[in-house]
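# Working through the structure, step by step
This is what each chain is made of:
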Amino acid sequence: MQVQVFTAITETGLTRKMNRFLNESSVEVIDIKFSSTIFFLSGLIMYKS
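### Focus on the overall build of the protein
- If you tally the helices and strands in the protein, you get 1 helix and 3 strands.
- Tracing the protein from N to C terminus, the helices and strands come up as β-α-β-β.
- C-alpha extents for the protein along the principal axes are approximately 30 × 20 × 10 Å.
- Looking at the protein as a whole, 24% of its 49 residues are labelled buried.
- Contacts in the protein between residues at least 24 apart in sequence constitute 48% of all its contacts with a sequence separation of at least 6.

Rendered as structure tokens:
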């Protein structure tokens, strides 16, 4: 299992980054986590390559 972490200031930016990763790689997604703070949003994709 591997992970990829993404951060962004806006929801749109985070969505774009995560979708780009998923579309450009052929991985089997295990889980996706999301977190937010006052300053930024973050997402974590757990996957098998």
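Structure's up, so let's keep going.
### Here we look at the sheet that holds strand S2 (residues 28-36)
- Reading across from one edge, S1-S3-S2 is the order of the 3 strands in this open sheet, with antiparallel pairing throughout. With partners counted over all chains shown, the strands left at the sheet margins are strand S1 (2-8) and S2, one partner each. Strand-to-strand twist of the sheet, defined as the mean angle between neighbouring strand axes without regard to direction, takes the value 15°.
- Note: S1 against strand S3 (residues 41-48), 7 bridges, orientation antiparallel.

### Examining the pairing of S3
- In terms of burial, S3 is largely enclosed, as 6 of its 8 residues are buried.
- Where S2 lies against S3, 8 bridges are found, and the strand directions are antiparallel. Directly across from Ser-35, in S3, lies its bridge partner Ser-42.
- A loop of 4 residues connects S2 with S3, the two strands running antiparallel in sequence.

What counts, and where the lines are drawn
Residues numbered from 1 in each chain as written. Predicted model: local features only at pLDDT ≥ 70, side-chain atom pairs only at ≥ 80, totals over all residues. Heavy atoms only, no water. Helix = DSSP H or I, 4+ residues; strand = E, 2+ residues; numbered from the N terminus. Buried < 20%, exposed > 50% of the residue type's maximum accessible area, 1.4 Å probe, protein only. Contact = heavy atoms within 4.5 Å. Pairing = 2+ DSSP bridges. Axes fitted to C-alpha atoms, helices over the stretch in contact; angles between N-to-C directions.

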